[in-house]
Amino acid sequence: MTTDSPTTESTTTPADATTQDAARPVVRHEPALSRYTLLIGDATAGFADYEVDGSRVLFTHVEVDPRHRGEGLASILVEQALDDMRERTDLTVVAVCPYVVAWIDKHAEYQDLLTRGQ
């Protein structure tokens, strides 16, 4: 997974670009913690915990700091975590967290992750 943030079009001046880049969400995989962490600047704004169980990866919990709720960050976090799992592994995704269940239900292009390897 890359730590690049989602691309957005911007008409900022170069001086503004540095400030704006610091506010862009970045998702980082932290395998030692079994977690994907979403950062804004240097601050953790959310995380997605998972557990590996044989040929399955269970997404157990997604949380976003209440100060950042309503900004679409949980969606960015889940999308990038699932993209990383698709690219790096052949594991079957098991959505345990209700948010991940609902997110995959809304994004049909990710439903194949629920059955691959079976």
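Below or above, wherever it landed, is the structure these notes cover. Remember, predicted model here, so these are calculated numbers, not experimental data.

### A word on the sheet that holds strand β1 (residues 25–30)
Spatial ordering of the open sheet is given by β1-β2-β3-β4-β5, a layout of 5 strands whose pairing is mixed. Of all strands in the sheet, those bounded by a partner on one side alone are β1 and β5 (92–95). Ignoring strand direction, the axes of neighbouring strands in this sheet form an average angle of 25°. Of the pairings in the sheet, the one linking strand β2 (residues 35–40) to strand β3 (residues 43–53) comprises 6 bridges and is antiparallel in character. Residue pairing across strands places Thr37 opposite Phe47, the latter belonging to β3. Lying on the sheet, helix α2 (residues 73–88) is in contact with β1, β2, β3, β4 (56–64) and β5; it crosses β2 at an angle near 135°.

### A closer look at the nonpolar core
Counting residues in hydrophobic clusters, the biggest one holds 27 residues, and the most contacted among them are Tyr36, Leu38, Phe59, Val62 and Leu82. Among the elements that line this core, the one with the most residues is α2, at 8 residues. Non-local contacts of Phe59, meaning those with residues more than four positions away in its chain, are made with Tyr36, Asp49, Tyr50, Ala81, Leu82, Met85, Val93, Val94, Ala95, Val96, Cys97 and Val100.

### Let's talk about the pairing of β3
Where β2 folds back onto β3 in an antiparallel hairpin, the turn is made up of 2 residues, including Gly41, whose phi is positive at roughly 65°. Of the strand pairs in this sheet, β3 and β4 are connected by 8 bridges, and their pairing is antiparallel. Note that in β4 the partner of Asp49 across the bridge is His61. Here β3 folds back onto β4 in antiparallel fashion, the turn holding 2 residues, of which Gly54 has a positive phi close to 65°.

### Here's the deal with the pairing of β1
Of the two faces of β1, the one holding Pro25, Val27 and His29 is buried and the one holding Val26, Arg28 and Glu30 is not buried anywhere. Of the pairings in the sheet, the one linking β1 to β2 comprises 6 bridges and is antiparallel in character. The partner of Glu30 across the bridge, within β2, is Arg35. Here β1 hands over to β2 after 4 residues, with Ser34 in that stretch at a positive phi of 50°.

### Some words on the packing of aromatic side chains
Here the structure, examined in full by the defined rule, presents 4 aromatic pairs. Ring geometry for Tyr50 and Phe59: centres 6.0 Å apart, planes at 45°, overall tilted. Accessibility assignment for this pair places Tyr50 and Phe59 in one class, buried. On the numbers, 4.9 Å between centres and 65° between planes, the contact of Trp103 with Tyr110 is edge-to-face. By the burial criterion, Trp103 is buried, and Tyr110 matches it. An aromatic cluster of at least three residues, connected via ring pairs, comprises Tyr36, Tyr50 and Phe59.

Scoring rules and cut-offs
Residues numbered from 1 in each chain as written. Predicted model: local features only at pLDDT ≥ 70, side-chain atom pairs only at ≥ 80, totals over all residues. Heavy atoms only, no water. Pairing = 2+ DSSP bridges. Helix = DSSP H or I, 4+ residues; strand = E, 2+ residues; numbered from the N terminus. Axes fitted to C-alpha atoms, helices over the stretch in contact; angles between N-to-C directions. Contact = heavy atoms within 4.5 Å. Core = buried A, V, L, I, M, F, W, Y, C linked by side-chain atoms within 4.5 Å. Buried < 20%, exposed > 50% of the residue type's maximum accessible area, 1.4 Å probe, protein only. Phe/Tyr/Trp six-rings, centres within 6.5 Å; stacked < 30°, edge-to-face > 60°.

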